[in-house]
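# Notes for the structure review
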Amino acid sequence: MEIERKNWNLVLAGLAFWGMDWFNEIWNGLVFHITNYAPVWGAPGKTAYLILIGLNIEICFMFAVAGITFAKLLPADKNMQILGMPNRLFYAVGFAMFCVIVEILLNAADALTWDYTWWSAKFPLLIVLFGYLHFFLVSFCVFDMESMRRKINAVAIIYTVDLVAIILFGFILKWI
């Protein structure tokens, strides 16, 4: 829909969000390889296709759409303050907290595994900070960039890092 409308700000914000998720999924797989114990999070159960240890095709599709959805909720005025803080930061923190609440519910339903005490419902701060906050901050930053060239370059860098990591750690070293 956004491509039909040529709303490239939203499309690129969504791609940035999704690319950041891939980055997280890659380091999550590396944790499993390095510890030989468990990933930080896992995607157990039935799936149409398990891509990485914490990423199945259903989650992948959800993150592919989520960045666009969340960016659509941003106020038009990027300089507006909410409770004395920049609105982009306010929304990034709020949306990250929302996502962590959803993950806590998924974990409680055994649809998402957590095997480390430091990454759990008892200590959600790390999940907010390292699980989601950077997705939103990067996505909103791309959304607000002044030039299309900068937006495209930023998204290209994210996907280049992801692609190099997948090739190196997945296909060459076979660690993920």
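As a starting point, this report considers the structure included with it. (Residues numbered from 1 in each chain as written. Predicted model: local features only at pLDDT ≥ 70, side-chain atom pairs only at ≥ 80, totals over all residues. Heavy atoms only, no water.)

### Thoughts on unusual backbone geometry
A negative phi angle is the norm for most residues apart from glycine, just as the trans form is the norm for most peptide bonds. Positive phi outside glycine occurs at L83, with the angle close to 50°. If you check the backbone angles, K174 has positive phi at about 55° while not being a glycine. Note that K174 resides in the segment after helix 5 (148-172). (Helix = DSSP H or I, 4+ residues; strand = E, 2+ residues; numbered from the N terminus.)

### A word on the packing of helix 3 (residues 87-108) against helix 4 (residues 125-144)
Contact geometry for helix 3 and helix 4: axes closest at 8 Å, N-to-C directions at 140°. By the angle between their directions, the pair helix 3 and helix 4 is classed as oblique. The way helix 3 lies across helix 4 gives a crossing that is right-handed. For the pair formed by helix 3 and helix 4, the contact residues are R88, L89, Y91, A92, V93, F95, A96, M97, C99, V100 and E103 on the first element and I127, V128, Y132, L133, F136, L137, F140, F143 and D144 on the second. Of the residues in the contact of helix 3 with helix 4, the class split is 17 nonpolar, no polar and 3 charged. (Axes fitted to C-alpha atoms, helices over the stretch in contact; angles between N-to-C directions. Parallel < 35°, antiparallel > 145°, perpendicular 65-115°, else oblique. Left-handed = near helix turned anticlockwise from the far one by under 90°. Contact = heavy atoms within 4.5 Å. Nonpolar A, V, L, I, M, F, W, Y, C, P; charged D, E, K, R; others polar.)

### Quick look at the pattern of salt bridges
Enumeration over the complete set of coordinates arrives at 2 salt bridges. Note that R88 and D144 form a salt bridge whose closest N and O atoms lie 2.8 Å from each other. Taken together, the positions of R88 in helix 3 and D144 in helix 4 put the pair 56 residues apart, joining distant regions of the chain. Across the pair, exposure class does not vary: R88 and D144 are buried alike. (Salt bridge = Lys/Arg side-chain N within 4 Å of Asp/Glu carboxyl O. Buried < 20%, exposed > 50% of the residue type's maximum accessible area, 1.4 Å probe, protein only.)

### A word on the packing of aromatic side chains
Evaluation of the coordinates by the stated rule reveals 22 aromatic pairs. Here F63 and F135 contribute two aromatic rings whose centre-to-centre distance is 5.7 Å and whose plane-to-plane angle is 70°, an arrangement assigned as edge-to-face. In this pair, F63 is assigned in helix 2 (residues 57-72) and F135 in helix 4, connecting sequence segments 72 residues apart. Residue class for F63 comes out buried when judged on its relative accessible area of 5%. Here the aromatic rings of F95 and F140 are separated by 6.2 Å at their centres, their planes lie at 75°, and the arrangement is edge-to-face. (Phe/Tyr/Trp six-rings, centres within 6.5 Å; stacked < 30°, edge-to-face > 60°.)

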